[in-house]
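Overview (structure and organization)
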Amino acid sequence: MTPQELEAYYAIYLSPGIGSIRLVALCNYLGGPEQAFAASASQIRSAPGFSKNLATEFITHKEKSLKEAKNNLDKIPEGVRVITYFDDGYPSQLKSIYQPPALLFISGNADLLLREHNLAIIGTRKMTDYGKRATKELCKEFAKHGVVVTSGFASGIDTCAHEAIFEAGGETIAVLGSGINVIYPASNKGLAKKIIESGRGAIISELPPGSPPEAKNFPWRNRIVSGLTSASIIIESEEKGGSMITASLALDQGRDIFALPGDISRPTSRGPNQLIFESRARLFRNASDILEVLQWIETPGAKLKSHKRPANTRPELNTTEKKIVGILDSSGGALHIDEIVERAELEVQDVLVRLLELEFKDVVRQMAGKHFSTIF
């Protein structure tokens, strides 16, 4: 994306009432950010998700938004990279979620966002010694296997996970609920500096630089934590809280959930225990349990393998099945049935029948929330 396109894109992003979904839809509909920004009110109104009032408001605030965009882009800290939804460097797993962020500000090693083997470790701020030990043991093993660990950089389990994977020689991604240059909590400033400068980590945010860590940002931030990763691991959590929100988001995204069982009398074990009891999460005993379920290793201690084998090892597929499998393969993650139907341009009943046949052939698996993904 050229600097001019980025300015137009960012100006639309800052326009009142637009949001990520409308921004992407508008750029797709009109052929790009510059075309969208230069469009008339009637053209804007005809785009998906735009009403007459929203189109008028967009045109009214257009120059103000462009001025603000230029000002903000000029103030982006040195070393921070901006990736938009349309850039090649945008992670495909994140693109497949509901309301993927329209852009990401990244400090550190941006290539980590494209890694296939990426797991989220999340939990309460009220970490116990039990949760701390479990997190450190997991991270030590994940580092050996080259698994990237992603978390939300909050105090407690999140910070423990970032520190533990880093100290074990592994790699980590921290997703902020504030601007990329506003490290919160402040006690993590030293850790943020180490992560960025080491080349073994990245700090990311969808919020403009300078954005404060407001409470409303954190639940919304959690969809990125789960969306970047193949599975989320809940270490400790009360029955309500950010970790349980992330678990629900991950399930909606069609991702696996793992939960650490704990003492039934301990408040911070109630969340994971509840997820296991309701069969919304898999109980795990160690890192090998998780890696084996994800089919990343065949036996404890083995090296990581890709969960996608060469396509020629699949059973013979007919034309329609190949089309559906191709759609799922190209998504880089799980897709909702509605998205598959739209991309395949077939009737929903036909797609459901084909998906069932593909499940019988062990090519496709159905996940939570009517999401589907290829097994290999």
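These numbers were taken from a predicted model, which means no experiment stands behind them. (Residues numbered from 1 in each chain as written. Predicted model: local features only at pLDDT ≥ 70, side-chain atom pairs only at ≥ 80, totals over all residues. Heavy atoms only, no water.)

Focus: the overall build of the chain
Heads up, the condition is: Secondary structure counts use DSSP, requiring at least four H or I residues in a row for a helix and at least two E residues in a row for a strand, with both numbered from the N terminus. The globule rule used for comparison is 2.2 Å times the number of residues to the exponent 0.38, while the radius of gyration itself is calculated over C-alpha atoms. Each residue's exposure class comes from its accessible area (1.4 Å probe, protein chains only) as a fraction of the maximum for that residue type: buried when under 20%, exposed when over 50%, partly exposed otherwise. In this analysis, two residues are considered to be in contact whenever any of their non-hydrogen atoms come within 4.5 Å of each other. The accessible surface values rely on the Shrake-Rupley method and a 1.4 Å probe; as for residues, cover is taken only from the protein chains in view. By the counting rule applied here, Lys and Arg register as positive and Asp and Glu as negative, while His and the ends of each chain are not counted. Where a charge lies is defined by one atom per residue type: Lys uses NZ, Arg uses CZ, Asp uses CG and Glu uses CD.
Counting secondary structure elements, the chain contains 17 helices and twelve strands. Here the C-alpha atoms of the chain give a radius of gyration of 21 Å, agreeing with the 21 Å that 2.2 N^0.38 yields for 376 residues. For the chain, the proportion of its 376 residues judged to be buried stands at 52%. For the chain, long-range pairs separated by at least 24 residues make up 69% of all intrachain contacts whose partners lie at least 6 apart in sequence. In the form shown here, the chain has an accessible surface area of approximately 17100 Å², with 50% of it arising from carbon and sulfur atoms. One way to put it: in the chain the 44 positive side-chain charges average out to a point 3 Å from where the 44 negative ones average out.

Remarks on unusual backbone geometry
Residue Pro 185 is bonded to the preceding Tyr 184 through a cis peptide linkage, with omega at 0°. Checked against the element boundaries, Pro 185 lands in the loop between β5 (172–175) and α10 (189–198). Its identity is not glycine, yet Phe 153 carries a phi of approximately 65°, on the positive side. Relative to the helices and strands, Phe 153 resides in the loop between β4 (148–151) and α9 (157–167). Accessibility expressed as a relative area gives 0% for Phe 153, which makes it buried.

Notes on helix α12 (residues 242–252)
Formally: The arc in question is formed by the directions pointing from the helix axis toward the C-beta atoms.
For α12, the complete set of buried residues consists of Ser 243, Met 244, Thr 246, Ala 247, Ala 250 and Leu 251. Angular distribution of buried residues about the axis of α12 spans 155°; they occupy a single face of the element. Elements that come into contact with the buried residues of α12 comprise β3 (118–122), α11 (217–227), β7 (231–234), β8 (256–259) and α13 (270–277). Directly beyond the C-terminal end of α12, a positive phi value near 80° is found at Gly 254.

Some details on the confidence of the model for the chain
Rules: In predicted models, pLDDT denotes the confidence assigned by the predictor to each residue on a 0 to 100 scale.
Of the residues in the chain, 94% have a pLDDT of 70 or more, and the chain-wide mean is 89. Predicted confidence for residues 306–312 stays below pLDDT 50, and this span has 14 contacts to residues more than four positions away or in other chains.

A few points about the pattern of salt bridges
For side chains bearing opposite charge, pairing can occur when the charged atoms are close. The criterion, for reference: We define a salt bridge as a side-chain nitrogen of Lys or Arg found within 4 Å of a carboxyl oxygen belonging to Asp or Glu.
Within the structure shown, the criterion is met by ten salt bridges. Note that Lys 144 is salt-bridged to Glu 141, the shortest N-O span being 3.3 Å. Residue Lys 144 and its partner Glu 141 are both found in helix α8 (residues 129–145); the two are separated by three residues, about one turn of the helix. Among the residues examined, Glu 141 registers a relative accessible area of 27% and is labelled partly exposed. A salt bridge links Arg 285 to Asp 289; the shortest N-O distance between them is 2.9 Å. Residues joined by salt bridges that share partners form a network here, namely Asp 350, Arg 354 and Glu 357.

A short note on the packing of aromatic side chains
Filter applied, for reference: The criterion for an aromatic pair is that two Phe, Tyr or Trp rings (for Trp, the six-membered ring) have centres within 6.5 Å, with stacked assigned to planes under 30 degrees apart, edge-to-face to planes over 60 apart and tilted to the rest.
Under the counting rule described, the total for this entry stands at seven aromatic pairs. When the centroid spacing of 5.4 Å and the interplanar angle of 80° are considered together, the rings of Tyr 85 and Phe 86 count as edge-to-face. Residue classification places Tyr 85 among the buried positions, given a relative accessible area of 16%. Note on Phe 86: relative accessible area 31%, which makes it partly exposed.

Describing the pairing of strand β2 (residues 103–108)
For clarity, the threshold we go by: At least two bridges found by DSSP between two strands are what make those strands a pair.
Of all six residues that make up β2, five are buried, and the element is covered over most of its length. The pairing of strand β1 (residues 80–84) with β2 spans five bridges and is antiparallel. Paired with Val 80 across the strands is Ser 107, a residue of β2. Here β2 pairs with strand β6 (residues 201–205) via four bridges, running antiparallel. Opposite Ile 106, over in β6, you have Ile 204 as the bridge partner.

Here we look at the nonpolar core
Keep this limit in mind: Grouping buried Ala, Val, Leu, Ile, Met, Phe, Trp, Tyr and Cys residues that are joined through side-chain atoms within 4.5 Å yields what is termed a nonpolar core.
Ranked by internal contacts, the top residues of the largest apolar core, which has 71 residues, are Ile 12 and Ile 204. Once you skip the residues sitting within four places of it in the chain, Ile 12 turns out to touch Ile 18, Leu 23, Leu 26, Cys 27, Pro 33, Ala 36, Phe 37 and Phe 58. Core analysis: the second largest hydrophobic core is formed by 25 residues, Leu 119, Ala 143, Phe 284 and Leu 291 among them.

Considering the sheet that holds β3
Just so we agree on the cut-off: A fitted line through C-alpha atoms represents every axis, and for helices the fit uses only the stretch in contact; the resulting angles, taken between N-to-C directions, go from 0 to 180 degrees.
With mixed pairing, nine strands are arranged side by side in an open sheet as β1-β2-β6-β5-β4-β3-β7-β8-β9. Because the sheet does not close on itself, it has two edges, and the strands there are β1 and β9 (282–283). With four bridges joining them, β5 and β6 adopt parallel strand pairing. Each residue of the ladder has a partner; that of Ile 173, found in β6, is Ala 202. Along the sheet, helix α1 (residues 3–14) makes contact with β1 and β2, crossing β2 at roughly 115°. α11 contacts β3, β4, β5, β6 and β7 of the sheet and is inclined by roughly 160° relative to β5.

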